[in-house]
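Coordinate analysis (summary)
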Amino acid sequence: MDDLREKYLSLIAGAGDEAALEDLRVQAVGKKGEVSLKMRELGKMTPEERQVAGPKLNALKDEINSALAAKKAALADAALDERLRTEWLDVTLPTRARRHGTIHPISQVTEEVTAIFAEMGFSVAEGPRIDTDWYNFDALNIPGHHPARAEMDTFYMHRAEGDNRPPHVLRTHTSPVQIRSMEAQGAPLRVICPGGVYRADYDQTHTPMFHQVEGLAVDKDISMANLKWVLEEFVKAFFEVDGGVELRFRASHFPFTEPSAEVDIRCSWEGGTLKVGEGDDWLEILGSGMVHPKVLQAGGIDPNEWQGFAFGMGIDRIAMLKYGIPDLRAFFDSDLRWLRHYGFSALDVPTLHGGLSR
Ligand code: 2NL
């Protein structure tokens, strides 16, 4: 019996894994194990012999079972230690660079422009891109025979025969949103309306969809002087000019303003890059004027009591000027190389670690 004890305790101590332990358990204390067979022999013994051998065998069985359990626990601990030693993560490593999306230059410039005007007390209004020809044309004092209304220049919604709803167009400017703002809010009013507009035009410098921001200020004694100040502040902020800017108002004509002016800013083109505020060149950036009395009237505002200025500029155009984008295609290609070149790269976004992801 002492031989059995020594044999199994040493085998258990040397077992390499759980499977080996299980084999030993079966060999020793399983149904047909060596200890179990010895227990069966108890029946053939005299009561005296049995009284000595019985407890000894039971104690041996208990000792082997405890040794098995202890070795099993030790093996599990060793396995865990081994995993902890070999499997590890360096959580301080920088993340891998990922491609991520970025704001589109047009969206960014729209946000820049609206933020600048918001600072000056203008609220932002949006409206439908499909509107009636009344909101898009008549309310703006653009008569039925005006060339802009021709189907060659304006996208008209299809009408089935017998469909007598008023004609709808893809808005050709965001002015209809301003008419709706006048109707909804009345005077006094300061609002800017950014958004996409549509004209049936497609060549090197025109795309059938482009973006515009229009501004409108209506009050008792709004004048061109207020227009000039607002535009100067805008140009300084938008083009990030440290000194002053110089604006040039050229008499012009729009059906919706009287008088009307096109506005240029003093600039230079040193080495092909635009510098605003100095130089001998003039750059046209927008059209403007005092709101035509008929247009105020169309918006439900009494022109005998109120007056206002309005202006409109192309977002795509000022975005190209500010960021030196020479070609409209940059806005329509989703080619990241374009965006990266002009400082809008998705790949240059700072990571959480403060470095650059690329
Ligand atoms: C241009 C000219 C302009 C306006 C837009 C406007 C809107 C209302 C009333 C009066 Cl509701 N005027 N908008 C006025 C003058 C010029 O845009 O060349 N845009 C790119």
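Residues numbered from 1 in each chain as written. Predicted model: local features only at pLDDT ≥ 70, side-chain atom pairs only at ≥ 80, totals over all residues. Heavy atoms only, no water.

With that out of the way, let us pick up the overall build of the protein. In terms of helices and strands, the protein carries twelve helices and ten strands. Relative to the compact-globule value of 21 Å for 358 residues, the protein shows a C-alpha radius of gyration of 43 Å, a clear excess of over 25%. Projected onto its principal axes, the C-alpha positions of the protein cover 130 × 60 × 40 Å. A burial count over the protein gives 40% of its 358 residues as buried. In the protein, once contacts between residues fewer than 6 apart in sequence are set aside, the share between residues at least 24 apart is 61%. Taken as a whole, the protein presents about 20,900 Å² of accessible surface, with 52% of it coming from carbon and sulfur. If you average the places of the 40 positive and of the 55 negative side-chain charges in the protein, the two averages end up 10 Å apart. (Helix = DSSP H or I, 4+ residues; strand = E, 2+ residues; numbered from the N terminus. Rg over C-alpha atoms; globule rule 2.2 N^0.38 Å. Buried < 20%, exposed > 50% of the residue type's maximum accessible area, 1.4 Å probe, protein only. Contact = heavy atoms within 4.5 Å. Areas by Shrake-Rupley, 256 points an atom, 1.4 Å probe, with all protein chains shown as cover. Lys, Arg positive; Asp, Glu negative; His and termini not counted. Charge placed at Lys NZ, Arg CZ, Asp CG, Glu CD.)

It is worth spelling out the UniProt feature "binding site: Mg(2+)" (unreviewed entry) in the protein at this point. UniProt's entry tags Glu258 with the feature "binding site: Mg(2+)" (unreviewed entry), counted in the numbering of this structure. With respect to the element layout, glutamate 258 can be found in strand β7 (residues 257-270). Those residues within four positions of glutamate 258 in sequence are excluded, and the remaining contacts are Met290 and His292. (UniProt positions renumbered as here; feature names shortened; annotations may be inferred.)

This next bit is on the domain arrangement of the protein. Under the domain assignment, the protein is made up of domain 1 (1-87) and domain 2 (121-342). Inter-centroid distance (C-alpha atoms) of domain 1 to domain 2 is 92 Å. (Domains from an automatic or database assignment.)

Right, let's get into the site of the ligand. Around the ligand there are 18 residues in total, and Gln178, Glu214, Gly287, Ala310 and Gly312 lie nearest to it. Interatomic distance of 2.8 Å between a side-chain N/O atom of glutamate 214 and a nitrogen atom of the ligand. One of the backbone nitrogen or oxygen atoms of glycine 312 is found 3.1 Å away from a nitrogen atom of the ligand. Expressed as a share of its isolated accessible area of 490 Å², the protein-covered part of the ligand is 87%. Looking at the shell around the ligand, the elements that each hand over two or more residues are α7 (175-185), β5 (209-219), β9 (281-291) and β10 (307-314). For the shell around the ligand, the per-class residue count stands at ten nonpolar, seven polar and one charged. (Near = heavy atom within 4 Å. Polar contact = N/O pair within 3.5 Å; in protein donor to acceptor, adjacent residues only side chain to side chain. Nonpolar A, V, L, I, M, F, W, Y, C, P; charged D, E, K, R; others polar.)

This paragraph deals with the packing of helix α2 (residues 18-29) against helix α3 (residues 34-41). Here α2 crosses α3 at 10 degrees, and the two axes come no closer than 3 Å. With respect to their mutual orientation, α2 and α3 come out roughly parallel. On the side of α2, the interface is formed by Gln27, Ala28 and Val29, while α3 contributes Glu34, Val35 and Ser36. Looking at the contact of α2 with α3 residue by residue, the class counts come to three nonpolar, two polar and one charged. (Axes fitted to C-alpha atoms, helices over the stretch in contact; angles between N-to-C directions. Parallel < 35°, antiparallel > 145°, perpendicular 65-115°, else oblique.)

Time to look at the pattern of salt bridges. Scanning the entire structure with this criterion turns up 18 salt bridges. Between arginine 85 and glutamate 82 there is a salt bridge whose closest N-O contact spans 2.9 Å. Of this pair, arginine 85 and glutamate 82 are both found in helix α4 (residues 47-86), three residues apart, which corresponds to roughly one turn of the helix. For glutamate 232, the salt bridge identified is with lysine 228, shortest N-O distance 3.0 Å. On the criterion of helical spacing, the pair formed by glutamate 232 and lysine 228 is a turn pair, its members being four residues apart in helix α8 (residues 224-238). If you follow the salt bridges from partner to partner, you end up with Arg248, Arg250, Glu262, Asp264 and Glu284 in one network. (Salt bridge = Lys/Arg side-chain N within 4 Å of Asp/Glu carboxyl O.)

In this section: the packing of aromatic side chains. Two aromatic rings are characterised by how far apart their centres lie and by the angle between their planes. What the rule picks out here adds up to eight aromatic pairs. Each ring, one from phenylalanine 238 and one from phenylalanine 239, has its centre 4.9 Å from the other, and the planes form 85 degrees; the classification is edge-to-face. Residue classification places phenylalanine 239 among the buried positions, given a relative accessible area of 14%. Among the aromatic residues, ring-to-ring pairing joins Phe117, Phe122, Phe234, Phe238, Phe239, Phe309 and Phe311 into one connected group. In this structure, arginine 180 is placed above the aromatic ring of tyrosine 135, and the distance from its NZ or CZ to the ring centre is 3.9 Å. The positively charged end of lysine 322 is found above the aromatic ring belonging to phenylalanine 238, 4.5 Å away from the centroid. (Phe/Tyr/Trp six-rings, centres within 6.5 Å; stacked < 30°, edge-to-face > 60°. Lys NZ or Arg CZ within 6 Å of the ring centre and 35° of its normal.)

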